[in-house]
Each structure stands twice: as structure tokens, then as C-alpha cells.
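# Reading the structure
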Amino acid sequence: MAAFLQQVVSGLAQGAIFASLALALVLIYRATDILNFAQGEMATFSTYVAWSLMNHGLSFWPAFALTLLIAFVGGAAVERVLIRPVEHRPEIVIVIVTIGLLIALNGLTGWIWGPEVKAFDSPFPLRTVEVGGVTISLQDVGVLAVCLVTVALLWAFFRFTTLGLVMRAVANSQEASRLLGVRVGMMLALGWGLAAVLGAVAGMMAAPALTLDPNLMLIVLIYAFAAAVLGGIDSPVGAVVGGLALGVMINLLGTYVDFIGGELRLPAALTVLLIVLLVRPQGLFGHRVVRRV
Amino acid sequence: MPRISPFTLLKFACVLAVAVFVAVLPQIFDSRLDPGSAEFRVGQFTLVGIWFVALLGLNVLTGFNGQISLGHGAFVGLGAYVTALLSLGRPGLELYMLDPPSWLPIGDGMRPVFTIPIAALVTGIIGFLFGFPALRLGGVSLALATLAVAVSFPILMKRFDEVTGGGGGVNLNLPTTPFGWDISTRHWLYYEAWITAGIVLVLAWLLVRGRVGRAFRAIRDGEIAAVSSGVNSALYKTLAFGVSSAFAGAAGALLAIEVAYVNPDTFPVGLSILLLASAVIGGLGSLAGAAFGALLYVFLPIYSQNPPIVSWDFSNQAPAVVFGAVLIAIMLLLPGGVAGGFRRLTGLVRLGLARRRADRSELA
């Protein structure tokens, strides 16, 4: 039982990272109806920026804060420069632009910082504590706490501030918002900035456990996609629940099903995802999309 | 008899000229270069032919039918493994201490060239079956599901190592010229790839020019409208998946024979992503676009790391940056890719000619 709970806790910590990146995807999807395939690479790039800042003598948390700021500006800039010009073109065009960004950023990260693996210090103590017979690593607790606090702050921003309300209005209907005098373009850029911030949080939380290399977030991105689709691609709650559930699920499957073991976690998770999609295409919390001709 | 426009004739003349050029290219290299570099160049253009086959498949699916695939590399990989297993056969696999389950119909080894259609068929059937769940996933979810296939493929190949040889991969028997023909092995591989490419090109052309192609494009341009007009969307979408995978399988078979080695890391997720990028830059919805894409896939990485004329030597990450940047630039500036650019040019010429003809008839 203790071993089981231990797996659940470390699954939650992993899941919190998936949830953060999944939420970033959902945020952009709700506002603009596109999945940003470059979200993971943007997060990796931000994490490398944090690594450089720490290498220049900053301690973890100042570097963390500064990186979030840089990520925000970068995310907004990507929207303005690359996405705005193709905004009204077919979906496939926008998806391909984000794929182009994925390829270019991945290469750029390797070009600037080199392909070798880098150690990324953890801000949390490497000790474990025992709670009722269950050994819990403080690293896991810290990651879970940072991700959940970020998500809670974001929720409060959307729920309680005027700016958050305006952004929700834009996500709901761009035309109506524009008629009411909202600067829609500005709000979309803001949304991309916030999504980049979420991704940066996920990257900096994932890096200590996975070590930093240019492909850090590629697998995380796939899990985040899976989490977002599992929860319902237009549902922020779904993204968080989906991320946590996926984290716990792959840990338990990997530990208790011999056939899956350590290696087949990803294919197993994707199979579950495919089954969910076939039974319930809108995901667990998503809305059914009705299409008109 | 329908009137054939001079532009159609011109197009066929161009295709014929390119075919002749491809046929004599090895001789040109042999006569102008020293034997070592001639062999190297022929090898490069063999790869162009192989990726041309793969990109024709991707173009049928993404360009003509509008279904994004980020998993094409996995189907290429599948074809490569089919050829590896069939050409080695059970006796060959035993040398690698491999013991595939007895229900797998692996014979006692066969001539590599005969495995190409089998690899295409097997991969095509698997792709067709994958098309069924894909039916329920439009647009972005489909891109995601195919990406999942691309990511899972190397993992699965490593896991089932009693069949695939795991991370170490398997060596195929070194290629030889079959049927006692009197050409070098290098040249044989070149012609094998390009003859396959020619067959696949004709098949693709026959497919997209008629009824099926019209249905593919109708679904791409407006699925609901197409269905309302009586197009069986499920049939044609799975068919597009099957055909595209079969072409990918043929390309994989050629690749396995050419490099005489398969391992899981030959087919990483990055391969699938770069294939899509090449197809888009070459030009979606155009068979010629696949050829431009293949040239790009082979030569862009080389020339972006060591650009010609200037003697710079960039990081080995430069190709990715250039690929990504070109992809974005093409989407922003020239959505039809290289082939679309050409089409726009000939369109302008046609317009000019038509205007002049109109002027003349007015005068007369």
C-alpha cells in the first residue's frame, strides 16, 4: 500500500508538469482554435534561458521570475510576428507554421547551447519525508506545489480581473468583442504570452528530474497533448485533471503491469488516449462541437 | 477527341525530359567525376528517388486529401523492417540470435527487390486500418494521433527486440546486382529506386487525376459539402491513408536495401516532422512538389551546414533552423510551395498569351 501511494504521489508531481503544459495548449486553443505544436520547444528554450541566467550567478528563484518575464514577451512576440499573418488562413497552414517553429527552435536551442546534456539544479531539497509510512520526496511535493499555485493564480486572473474577463470574452467570440471595443489582437498576444509562461514553468520544473537537453519537452509535449485531449481540448479544468490523471496512470501502469514496464509507458498512455477519443471524441470535460455548413 | 492544350503537351514534354535526365545521370557523373565522387553523387540521387516515393505518399494524404500526418516516418520504418525480415529470412535472423514468433510468415530469405511490393502491401494494409480510428479525428487531433504513432514507433521496435533486433538493429545482406545484369551495384540501386519512383508516380497520377482524386480534393476543400454531394468520406479518407502508407512502405523497403541496415533510431519522430516540412515546402497537392521536396530533404541539410561558394562551416544544428525558417517563410509568402510558385509563373504566362489572342481576335 505504501509503495502504491508513493507511486501516486510521484505520478501527481509528473502529472502537474503535463497539466501545466496542457493548460498552455488549451489556453491558446480556446482563444484561437489552434494547437501550438511549438509549445514544448518554447518551454525548452525558456528553460535554457533560465540555465544561462543561473550560470551567470543568479540563484534559482530570481532566475525563475526573470525567465517567466522573458517567456511572456517571447510568447507574445511569436503571436504578433508569426501567427498574426496567417490568422485567417486554413487550419493546416497555421499548424504547419507552428511545426516550422518547433523545428527551428529545436535547432536553435542545440545551436546556441550545444546538444550535450546539462545539469539543472533543483530549488527543492533532495530529502524525503515519511508521512504515515509513505516516503515522499520533497522534490515531488515542490513541483506539485509550484505547478498548482501557477494554475490557481491563472484561474484567479481569469475569474476575478477585468483583463481576465475581457480575454475570456475574446475566446468566446472575437467578433462580438471587437464590436464592444476590445483590442482583440492585443488580447490574443497576451494569451500566447501567458501560455508561454505556463510552458516555462513546466520546463523549469521538469528539467531537474529529466536533466536539460534540447529534446527535454518533446515527450512532455506529447503527454501534454494527450492530457489536453483526454480532458477535453477546450476545457482548462479538463487539462489539469487530465494531466494529473495521466501522470498517475503511467506511473501505476509502469510499475504494476510487467508487459509495459519502463519502456512502453508512452505507447500505453497513447493507446488509452485513442480509446477515450473513440468512445468520447470531445474528451472527459469538453464540449461537443456542432458544425454547420 | 478532346483538344489537348499546348500547356499539357509542354508538361508531358517536361516530365519526359526529366525522366531521360534521371536515366542518364549516373553516366554523366561517371564521365565527369572521379570514380569515388561519382559513386557518392549516384548514392545521393538514389536517396532523392527514395524520398520522392515517400513524399508522393505524404502528398496524396496531406496535399490531396487534406489529412495532416506527422507519422509518415513510422510507415517508412515499417516498410524497412518488413524488407529486412523478409530478405534475411529465418536462417538469416538466426545469425542475429533473433527468434520471431512462428506465426509471422517470414520465409527463408528472398531477393530484396521482390520484398518491395510486399513491404508496400503490408504497410498499406496497416495504414488503411489506422485510417479507421483516424476517421473520427479531424484536423488537429489527427495530427496529434499520427505524431503519437511517430513517437511510439522506435519505442515499440526497441521493445520487441526478439523480432527487430532492438536498439542494435539488423544488417541486411549487402546489396548485389540481381539477374546477372552487367552494371555496378551502385547503379543497380539507383535504377531500382528510380524505376520504383516512376511506377509510384504513374500510380499516383492515375489516382489523383480521375474520380478518386476528385473525391480526395472535394473532402479536403469541404468535407460536409462533399458528403452532401454523395462522396463516401470514410471510404476515401481510409483509402488515402492506405495508399499513402503503401508508398511510404515502398520507400522504406528501398531505404533498407540501399543502406543495408535498419535500426529504430533511423526512424525518429524528427524524420516524420521533416518529411511533412519537405512535402509542404515542395508544394502540397502537386506531384511535382514531391520531387522538389525530395531534393530539398537530401540537399538542404548539406548546404545549410556547409553553404556553397562561401567557406563557412555552420553548426550541425543549422539545417534544422534553416528548415524551420524556410517552412514558416513558405507558409507566409508562397503557400503552394515551390511547385505552387512555378504554377503561378506559368499561370501568368498563360494569362498573357490568352490576352494577346483575345486582342488579335478583336482586331480581326
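Residues numbered from 1 in each chain as written. Chains lettered and ligands numbered in written order. Predicted model: local features only at pLDDT ≥ 70, side-chain atom pairs only at ≥ 80, totals over all residues.

The next subject is the overall build of chain A. Helix and strand counts for chain A stand at eleven helices and two strands. Listing every helix and strand of chain A by position from the N terminus yields α-α-α-α-β-β-α-α-α-α-α-α-α. Here the C-alpha radius of gyration of chain A, 19 Å, is about what a compact globule of 293 residues would show, namely 19 Å. Each principal axis of the C-alpha atoms in chain A carries an extent, and together these give about 60 × 50 × 35 Å. Scored against the burial criterion, the 293 residues of chain A give a buried share of 48%. Pairs at least 24 apart in sequence give 72% of the contacts found in chain A among residues at least 6 apart. (Helix = DSSP H or I, 4+ residues; strand = E, 2+ residues; numbered from the N terminus. Rg over C-alpha atoms; globule rule 2.2 N^0.38 Å. Buried ≥ 20, exposed ≤ 12 C-beta atoms within 10 Å, placed from the backbone. Contact = placed C-beta atoms within 7 Å.)

On to the overall build of chain B, then. Tallying secondary structure elements over chain B gives 14 helices and two strands in all. Radius of gyration (C-alpha) of chain B: 22 Å, near the 21 Å computed for a compact globule of 364 residues. Seen along its three principal axes, the alpha-carbon backbone of chain B occupies a region of about 80 × 55 × 50 Å. When each of the 364 residues of chain B is scored for burial, the buried share is 46%.

Residues and elements named next belong to chain B. Relative to each other, helix α2 (residues 35–64) and helix α12 (residues 287–305) sit at 135 degrees, their axes nearing to 7 Å. By the angle between their axes, α2 is oblique relative to α12. Taken as a pair, α2 and α12 cross one another with a handedness that is right-handed. On the side of α2, the interface is formed by Gln44, Leu47, Val48, Trp51, Phe52, Leu55, Leu56, Asn59 and Gly63, while α12 contributes Leu287, Gly289, Ala290, Ala291, Gly293, Ala294, Leu295, Tyr297 and Val298. The class makeup of the residues in the contact of α2 with α12 is 13 nonpolar, five polar and no charged. (Axes fitted to C-alpha atoms, helices over the stretch in contact; angles between N-to-C directions. Parallel < 35°, antiparallel > 145°, perpendicular 65-115°, else oblique. Left-handed = near helix turned anticlockwise from the far one by under 90°. Nonpolar A, V, L, I, M, F, W, Y, C, P; charged D, E, K, R; others polar.)

Chain B puts 38 residues into the contact, and the matching count from chain A is 34 residues. Per-element tally for the side of chain B that touches chain A: the top contributor is helix α5 (residues 139–159) of chain B, with 14 residues. Per-class residue counts for the side of chain B that touches chain A are 28 nonpolar, seven polar and three charged.

With that settled, the discussion passes to α2(B). Residues and elements named next belong to chain B. Across its 30 residues, α2 extends 41 Å between first and last C-alpha, which sits within 8% of the 44 Å expected from 1.5 Å per residue. Along α2, the sharpest change in direction is near 30 degrees and occurs at Leu58. Among the residues trailing α2, Gly66 stands out with phi positive, at a value near 75 degrees. (Expected span 1.5 Å × (residues − 1). Bend = angle between axes of the 7 residues up to and from the residue.)

Here we take up the packing of helix α1 (residues 2–32) of chain A against helix α9 (residues 216–231) of chain A. Two measures define how a pair of helices packs: the angle their axes make with one another and the distance between the axes. Residues and elements named next belong to chain A. The N-to-C vectors of α1 and α9 enclose an angle of 65 degrees; their axes lie 8 Å apart at closest approach. Here α9 runs roughly perpendicular to α1, going by the angle between their axes. The handedness of the crossing between α1 and α9 comes out as right-handed. Between α1 and α9, the contacting residues are Ile17, Phe18, Ala19, Leu21, Ala22, Leu25 and Val26 on the first element and Val220, Leu221, Tyr223, Ala224, Phe225, Ala227 and Ala228 on the second. Of the residues belonging to the contact of α1 with α9, the class tally is 14 nonpolar, no polar and no charged.

All names here are of chain A. By the element assignment, Met204 lies in helix α8 (residues 184–210). The buried category is assigned to Met204, around which 28 C-beta atoms lie within 10 Å. Along the backbone, Met204 and Gly185 are 19 residues apart, and their C-alpha atoms lie at a distance of 29 Å. Those residues in contact with Met204 that sit more than four places away from it in its chain are Thr47, Ala50, Phe64 and Thr67.

This part is about the pairing of strand β2 (residues 134–137) of chain A. Residues and elements named next belong to chain A. Examined bridge by bridge, strand β1 (residues 128–131) and β2 share four bridges and lie antiparallel to one another. Across the sheet, Val129 pairs through a bridge with Ile136, a residue of β2. Hairpin connection between β1 and β2: a loop of two residues separates the two successive antiparallel strands, and Gly132 in this loop has a positive phi of roughly 55 degrees. (Pairing = 2+ DSSP bridges.)

This paragraph deals with the confidence of the model for chain B. Residues and elements named next belong to chain B. Taken as a whole, chain B shows an average pLDDT of 84; of its residues, 95% reach a score of 70 or greater. Of all helices and strands in chain B, the one with the weakest mean pLDDT is helix α6 (residues 161–164) (78), whereas helix α10 (residues 233–259) scores best (91). Listed scores for the predicted complex are pTM 0.87 and ipTM 0.83. (pLDDT = per-residue confidence, 0-100.)

Glancing now at unusual backbone geometry. Residue and element names in this part refer to chain B. Phi at Ala260 is positive, roughly 55 degrees, even though this residue is not glycine. Position of Ala260 relative to the elements: it lies in the loop between α10 and β2 (261–262). On the neighbour-count criterion, Ala260 (16 C-beta atoms within 10 Å) is partly exposed.

Before going further, it helps to spend a moment on the environment of A:Gly75. All names here are of chain A. Assignment of secondary structure puts Gly75 in helix α3 (residues 60–83). Classification of Gly75 as buried rests on a count of 28 C-beta atoms within 10 Å. Through-space distance from the C-alpha of Gly75 to that of Ala196 is 5.2 Å; in sequence the pair is 121 residues apart. Among all residues touching Gly75, those that are not within four sequence positions of it are Met42, Trp192, Gly193, Ala195 and Ala196.

Time to look at the environment of A:Leu277. One can find A:Leu277 in helix α11 (residues 265–279). Every residue in contact with A:Leu277, bar those within four places of it in the chain, is listed here: A:Val229, B:Arg136, B:Leu137 and B:Ser141.

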